[in-house]
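Observations on chain architecture
Listed below, chain by chain, are the residues.
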Amino acid sequence: DRFYQKYPCIVITAKGQPDVASRMFLSRIASELQIPVLALVDSDPYGLKILSVYMSGSKNMSYDSASLTTPDIKWLGLRPSDLNRYDLPEQCRLKMTDNDIKTGKELLQESFIMKNPEWMKELQKMVKTKEKAEIQALSSFGFQYVTEEYLPRKLREGDWI
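All of these numbers come straight from a predicted model, not from anything done at the bench. All residue numbers refer to positions counted from 1 along the written sequence of the respective chain. Under the rules for a predicted model, residues below a pLDDT of 70 receive no local features and side-chain atom pairs below 80 are neither given nor counted, while totals for whole chains, interfaces and linings still include all residues. Excluded from the side-chain calculation are hydrogens and water; included are all heavy atoms of the structure.

Notes on the environment of Ser-43
To qualify as a helix, a DSSP run of H or I must reach at least 4 residues; to qualify as a strand, a run of E must reach at least 2; elements of each kind are numbered from the N terminus. Among the structural elements, Ser-43 can be located in the loop between strand S1 (38-40) and helix H3 (45-56). Taking C-alpha positions, Ser-43 is 5.4 Å from Lys-132, a pair spaced 89 residues apart along the chain. Note on contacts: a residue pair is in contact if any heavy atoms of the two residues lie within 4.5 Å. Aside from chain neighbours lying at most four places away, what touches Ser-43 is Leu-78, Arg-79, Pro-80, Met-126, Lys-132 and Ala-133.

Structure, rendered in structure tokens:
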């Protein structure tokens, strides 16, 4: 639907855990073009882990983090607070597994979470409600809801953390 024509942007997907090439590309364009980087990930602990890899690198490659990180990346969505704010139907909300909850609690101890009070609040909400959702859940409102409603509203309201 050519979202990029209405909202000048560069859309990147690493389809799960970001690979080195995607991380390096994002780091380089953010630095050279001086543009903001906003992340749209699933509202679950693993979405936050993906965001953390873009932000501060993977633990396995900490020796090469300078060229592979985008420290100013912002969390656009899908955030736990979005589930109610956008009236996501109950059937689109998933119960967190015991492993999800354990991972969420472990993430609450990570420095990248602790140094961002808004991220901490969102993750605490996720663990407390024991609810998660995938980005695809937004399509329950229609095929183009994400690009016609959700993202434009988020961008218009500056709703990222």
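Text resumes after the structure shown.
A closer look at the packing of H3 against helix H5 (residues 98-107)
Running from N to C, H3 and H5 point in directions that differ by 40°, and their axes come no closer than 9 Å. By the angle class used here, H3 and H5 are oblique. Residues Pro-45, Tyr-46, Leu-48 and Lys-49 of H3 form the contact with H5, whose participating residues are Asn-99, Asp-100, Thr-103, Gly-104 and Leu-107. Three classes are used, and their members are as follows: Ala, Val, Leu, Ile, Met, Phe, Trp, Tyr, Cys and Pro are nonpolar, Asp, Glu, Lys and Arg are charged, and the others, Gly among them, are polar. Partitioned by chemical class, the residues of the contact of H3 with H5 number four nonpolar, three polar and two charged. Axis lines are fitted to C-alpha atoms, over the contacting stretch for helices. Their N-to-C directions set the angle, which ranges from 0 to 180 degrees. For this classification, under 35 degrees means roughly parallel, over 145 means roughly antiparallel, 65 to 115 means roughly perpendicular, and everything else is oblique.

Quick word on the nonpolar core
By size, the foremost hydrophobic cluster in this structure holds 26 residues, and its most contacted members are Leu-48, Ile-73, Ile-113, Trp-119 and Leu-123. Listed by contribution, the elements that provide at least two residues to this core are helix H2 (20-33), H3, H5, helix H6 (111-114) and helix H7 (117-129). Sequence-distant contacts of Trp-119, defined by excluding residues within four places in its chain, comprise Leu-48, Leu-51, Met-55, Ile-73, Trp-75, Phe-112, Ile-113 and Ile-161. Core analysis: the second largest hydrophobic core is formed by 14 residues, Phe-3, Ala-137, Leu-138 and Val-146 among them. Grouping buried Ala, Val, Leu, Ile, Met, Phe, Trp, Tyr and Cys residues that are joined through side-chain atoms within 4.5 Å yields what is termed a nonpolar core. Exposed residues in this analysis have more than 50% of their type's maximum accessible area, buried residues have under 20%, and partly exposed residues fall in between, with area computed by a 1.4 Å probe over protein chains only.

Overview of the packing of aromatic side chains
Pairing of aromatic side chains here covers Phe, Tyr and the six-membered ring of Trp, requires ring centres within 6.5 Å, and sorts the geometry by plane angle: under 30 degrees stacked, over 60 edge-to-face, intermediate tilted. Per the stated rule, a full pass over the model turns up five aromatic pairs. Aromatic pair Tyr-86 and Tyr-150: ring centres 4.9 Å apart, planes at 65°, arrangement edge-to-face. Taken as a pair, Tyr-86 in the loop between helix H4 (80-85) and strand S3 (94-95) and Tyr-150 in helix H8 (residues 145-157) lie far apart in primary sequence, 64 residues in all. Tyr-150 shares its class with Tyr-86; the two are buried. Centre to centre, the rings of Phe-112 and Trp-119 are 6.1 Å apart; their planes meet at 85°, and the pair counts as edge-to-face. The two residues Phe-112 and Trp-119 agree in class, both being buried. Members of the aromatic cluster, joined through ring pairs, are Trp-75, Phe-112 and Trp-119.

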